[in-house]
Amino acid sequence: MVSLCVFFSAWGYAVASIPARWLPKMTPVPLTLMGSAIGLVLVFRVNNLYGRLMEARGLWGRAVYLARQATQSV
């Protein structure tokens, strides 16, 4: 796993350090669209995370309530 991370880090560094004159001229439109798509995916993931967090809080509160009820009845 570590070797894979090192490989991809080295690959990213190599690609980022290529001089701009060797790269073909590109328009920023595909990168902008990709950035927007990634942003939307992250928003949906964060909303899903918040929903799961609220569900976990509700379940934890219910578990505390039931434990308190069981303790009081004993």
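The following paragraphs examine the structure supplied in this document.

What counts, and at which threshold
Residues numbered from 1 in each chain as written. Predicted model: local features only at pLDDT ≥ 70, side-chain atom pairs only at ≥ 80, totals over all residues. Heavy atoms only, no water. Helix = DSSP H or I, 4+ residues; strand = E, 2+ residues; numbered from the N terminus. Rg over C-alpha atoms; globule rule 2.2 N^0.38 Å. Phe/Tyr/Trp six-rings, centres within 6.5 Å; stacked < 30°, edge-to-face > 60°. Buried < 20%, exposed > 50% of the residue type's maximum accessible area, 1.4 Å probe, protein only. Patch = residues over 30% accessible without salt bridge, like charges linked within 9 Å, V, L, I, M, F, W, Y side chains within 5 Å. Areas by Shrake-Rupley, 256 points an atom, 1.4 Å probe, with all protein chains shown as cover. Salt bridge = Lys/Arg side-chain N within 4 Å of Asp/Glu carboxyl O.

## Points about the overall build of the chain
Next, step 1: The helix and strand tally for the chain stands at two helices and zero strands.
Next, step 2: Computed over its C-alpha atoms, the radius of gyration of the chain comes to 24 Å, more than 25% above the 11 Å expected for a compact globule of 74 residues.
Next, step 3: Projected onto its principal axes, the C-alpha positions of the chain cover 80 × 30 × 10 Å.

## What about the packing of aromatic side chains?
Next, step 1: Tallying each qualifying case throughout the model produces one aromatic pair.
Next, step 2: Centre to centre, the rings of Phe-7 and Phe-8 are 5.2 Å apart; their planes meet at 65 degrees, and the pair counts as edge-to-face.
Next, step 3: The class of Phe-7 is partly exposed, set by a relative accessible area of 49%.

## A closer look at a nonpolar patch on the surface
Next, step 1: A contiguous nonpolar patch, built from Met-1, Leu-4, Phe-7, Phe-8, Trp-11, Val-15, Ile-18 and Trp-22 and spanning about 960 Å² of accessible area, is present on the exposed surface.
Next, step 2: Judged by relative accessible area, which is 61%, Trp-22 ranks as exposed.

## Quick notes on the environment of Gly-35
Next, step 1: With respect to the secondary-structure elements, Gly-35 resides in helix H2 (residues 29-73).
Next, step 2: As for Gly-35 and Val-64, which are separated by 29 residues in sequence, their C-alpha atoms are 43 Å apart.

## Topic: the environment of Ile-38
Next, step 1: Among the structural elements, Ile-38 can be located in helix H2.
Next, step 2: The class for Ile-38 is partly exposed, based on a relative accessible area of 46%.
Next, step 3: Counting along the chain gives 29 residues from Ile-38 to Ala-67, while the straight-line C-alpha distance between them is 43 Å.

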